[in-house]
Amino acid sequence: MKPGMDIALIALVAALASALTLYSGFGLGTLLLPAFALFLDAPIAVAATAIVHLLNNLFKGALLWTQVDWRTVLAFGIPAVPAAVFGAWVLSLLGDTSRLFEWDAFGQEFGPTGAGLTIGLLMIIFALLELQQWFQRLKAPPRLVPAGGLITGFFGGLTGQQGAFRSMFLLRSGLRPERFIATGVMIAVLVDLSRLATYAASFSAAGLDFAGHEGLLVLVGALSAFGGAFVATRNLDKLTIGAIRYSVAALMLVIGAALAAGMLG
């Protein structure tokens with residue numbers, strides 16, 4: 001890949017994902033993780049995505065602060081916080097494993113670590129679920145909101161894939177659209193803060209260098225996400241959103257399979 005192509009790709013994906021996150025079933029993390037996974041090891045890609053995700057949600061939260069339903073945030077967020085810490089801890093353990101198996105092709109050896117295999121398989125599962133109409137229509141009853149916090153927090157900490165589960169458990173909360181969005185943003189902030197606190201303990205061991213190229217990718221991703229959120233509009237064509245949904249799902253399937261096979265991260 002030519003120098004600078006990784007920065008251009010991260011910038012494009014972050015801006016587009018941030019602009020579309022309010023309109024499509026995919027969230028910023030779902031769209032951005034595959035892009036980071038092309039250039040960074042799986043645990044570092046999850047952590048880098050989490051940083052951009054948090055900064056973008058803080059930006060949105062500042063704009064939507066007055067619309068937040070804090071009772072729902074607490075009901076969802078209190079169980080989500082320890083679950084996110086646990087999921088992030090599991091990721092740190094998986095990231096320390098050696099290759100689980102190896103195979104040869106084209107004169108090179110490949111093989112996934114525990115983190116690569118886990119994240120790859122989950123990306124494949126989430127991509128397939130997101131394409132199912134019945135999954136998109138799922139709405140959990142309000143009494144299951146704490147359980148939703150546990151599920152969302154755990155998978156948010158482990159892979160960063162939290163938006164679909166969060167929406168599933170909030171859709172029957174009775175919140176108006178603007179309050180639904182603002183409340184979801186604040187819950188995501190809680191999950192991001194919790195998992196990043198755990199990731200931070202293993203950043204040095206994982207090799208994430210904020211003063212180097214990896215830090216530059218995170219910065220470009222964050223600034224591009226701000227721009228995408230700022231220019232987002234509610235008049236995007238629904239057919240275009242559908243095309244994006246299928247394109248992103250295909251990308252997740254390909255990157256997930258590559259991670260699970262040990263060809264990436």
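Residues numbered from 1 in each chain as written. Predicted model: local features only at pLDDT ≥ 70, side-chain atom pairs only at ≥ 80, totals over all residues. Heavy atoms only, no water.

Where nonpolar side chains cluster on the molecular surface, the patch consists of F86, W89 and L93 and spans about 320 Å² of accessible area. Along the polypeptide, L93 turns up in helix α4 (residues 70-95). (Patch = residues over 30% accessible without salt bridge, like charges linked within 9 Å, V, L, I, M, F, W, Y side chains within 5 Å. Areas by Shrake-Rupley, 256 points an atom, 1.4 Å probe, with all protein chains shown as cover. Salt bridge = Lys/Arg side-chain N within 4 Å of Asp/Glu carboxyl O. Helix = DSSP H or I, 4+ residues; strand = E, 2+ residues; numbered from the N terminus.)

Our focus in this paragraph is the nonpolar core. In globular proteins that are soluble, nonpolar side chains generally tend to be buried together. Grouped together as the largest cluster of nonpolar side chains are 52 residues, with contacts concentrated most on F36, L40, L91, I119, M123, Y199 and L259. Per-element tally for this core: the top contributor is helix α3 (residues 42-64), with ten residues. The contacts of F36, once residues within four sequence positions are left out, are I10, A45, A48, T49, V52, L217 and V218. (Core = buried A, V, L, I, M, F, W, Y, C linked by side-chain atoms within 4.5 Å. Buried < 20%, exposed > 50% of the residue type's maximum accessible area, 1.4 Å probe, protein only. Contact = heavy atoms within 4.5 Å.)

With that settled, consider helix α5 (residues 114-130). For α5, which comprises 17 residues, the first-to-last C-alpha distance of 24 Å matches the rise-based estimate of 24 Å (1.5 Å per residue) to within 8%. Of the residues making up α5, those classed as buried are G114, A115, G116, I119, G120, L122, M123, F126, A127 and E130. (Expected span 1.5 Å × (residues − 1).)

A word on the environment of I10. Among the secondary structure elements, I10 is positioned in helix α1 (residues 5-20). In the structure, I10 is positioned 207 residues away from L217 in sequence and 6.9 Å away in space, judged by C-alpha atoms. The residues touching I10, leaving out its near neighbours within four places in the chain, are L32, A35, F36, F39, L217 and G221.

Moving on: the confidence of the model for the protein chain. Summarising the model, the protein chain shows a mean pLDDT of 76, and 81% of its residues fall at 70 or more. Every residue in residues 233-240 is under pLDDT 50, and counting partners more than four places away or in other chains gives six contacts. (pLDDT = per-residue confidence, 0-100.)

Turning next to the pattern of salt bridges. All chains considered together, the criterion is met by two salt bridges. Linking D69 and R179 is a salt bridge whose minimum nitrogen-to-oxygen distance equals 3.7 Å. Of this pair, D69 sits in the loop between α3 and α4 while R179 is found in helix α9 (residues 177-206), placing the two residues 110 residues apart along the sequence. Between R195 and D192 there is a salt bridge, with its nearest N and O atoms 2.8 Å apart.

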